[in-house]
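# Structural characterization, general
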Amino acid sequence: EAGVVQSPRYKIIEKKQPVAFWCNPISGHNTLYWYLQNLGQGPELLIRYENEEAVDDSQLPKDRFSAERLKGVDSTLKIQPAELGDSAVYLCASADDGYNEQFFGPGTRLTVL
Amino acid sequence: ELKVEQNPLFLSMQEGKNYTIYCNYSTTSDRLYWYRQDPGKSLESLFVLLSNGAVKQEGRLMASLDTKARLSTLHITAAVHDLSATYFCAVDMFNDYKLSFGAGTTVTVRA
């Protein structure tokens, strides 16, 4: 069974540029999460989807971050414009429902110059 | 807000010796997880602990949970180089769904 797929794996951009990350969850998993992991820290939740609905986006900085999960499968996380402090790893995870164990993707490492 | 603290944050192990990583959390939790993360890789689930007194073992790793003390331990027996990684604990509550992670313990095993 394929795991959670994320792309790109690495991204380097200049500040003020836009950037987007893509996540394909495990087949059949209705719940999808985006996490931010700063260097030397544990992941922190940005947003949680149940199917196509964002049910918890309280930690998402909505002035520059946006996310979507059209059709309740793949998801895209966007930052516009990126700031230096956005340099981090962005992890996607999925679960077959919100109560069950989350499975993590390999992450996208973003460097903002 | 659920807070999760791990210690130590860095652990240099000598091959063949035993060590313990501690995970404390601030409020009642329903589940506790241990993950392993290798450099540049994603989080790999090691254990899920659901109830007070739960103990799980896989190879040289053993995890236990004391819900009254709000403490979990990850015990490493006879450390080997392959165990070098960062280990995270995380907790959640059924009515919240959100996983709250500790800062991680970076383990280096030396000969």
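Residues numbered from 1 in each chain as written. Chains lettered and ligands numbered in written order. Predicted model: local features only at pLDDT ≥ 70, side-chain atom pairs only at ≥ 80, totals over all residues. Heavy atoms only, no water.

Along the backbone of chain B there are 0 helices and 11 strands. Each helix (α) and strand (β) of chain B, taken in turn from the N terminus, gives the series β-β-β-β-β-β-β-β-β-β-β. By the compact-globule yardstick of 13 Å for 111 residues, chain B fits well, its C-alpha radius of gyration being 13 Å. Along the first, second and third principal axes, the C-alpha atoms of chain B reach 45 × 30 × 20 Å. Looking at chain B as a whole, 43% of its 111 residues qualify as buried. (Helix = DSSP H or I, 4+ residues; strand = E, 2+ residues; numbered from the N terminus. Rg over C-alpha atoms; globule rule 2.2 N^0.38 Å. Buried < 20%, exposed > 50% of the residue type's maximum accessible area, 1.4 Å probe, protein only.)

All names here are of chain A. Enumeration over the complete set of coordinates arrives at 6 salt bridges over all chains. Across the salt bridge formed by R48 and E50, the nearest N and O atoms sit 2.7 Å from each other. The residue D57 makes a salt bridge to K62 at a minimum N-O spacing of 3.7 Å. One network of salt bridges, with partners in common, ties together R64, E83 and D86. (Salt bridge = Lys/Arg side-chain N within 4 Å of Asp/Glu carboxyl O.)

Further remarks concern the state of the cysteines. All names here are of chain A. Scanning the entire structure with this criterion turns up 2 disulfides over all chains. Between C23 and C92 runs a disulfide, and the two sulfur atoms are separated by 1.9 Å. Between C23 and C92 the disulfide shows an S-S torsion of about -70 degrees. By sign, it is left-handed. Of this pair, C23 sits in strand β3 (residues 19-24) while C92 is found in strand β9 (residues 88-95), placing the two residues 69 residues apart along the sequence. Accessibility assignment for this pair places C23 and C92 in one class, buried. (Disulfide = S-S within 2.5 Å.)

Right, let's talk about the sheet that holds strand β1 (residues 5-7) of chain A for a bit. Residue and element names in this part refer to chain A. Spatially, the 4 strands line up as an open sheet ordered β1-β3-β8-β7, and their pairing is antiparallel. The open sheet has two edge strands with one neighbour each: β1 and β7 (65-68). Strand-to-strand twist in this sheet, taken as the mean axis angle between neighbours without regard to direction, amounts to 15 degrees. Here 5 bridges tie β3 to strand β8 (residues 75-79), and the two strands are oriented antiparallel to one another. Paired with W22 across the two strands is T76, which belongs to β8. (Pairing = 2+ DSSP bridges. Axes fitted to C-alpha atoms, helices over the stretch in contact; angles between N-to-C directions.)

Coordinates in, geometry out; function isn't part of it.
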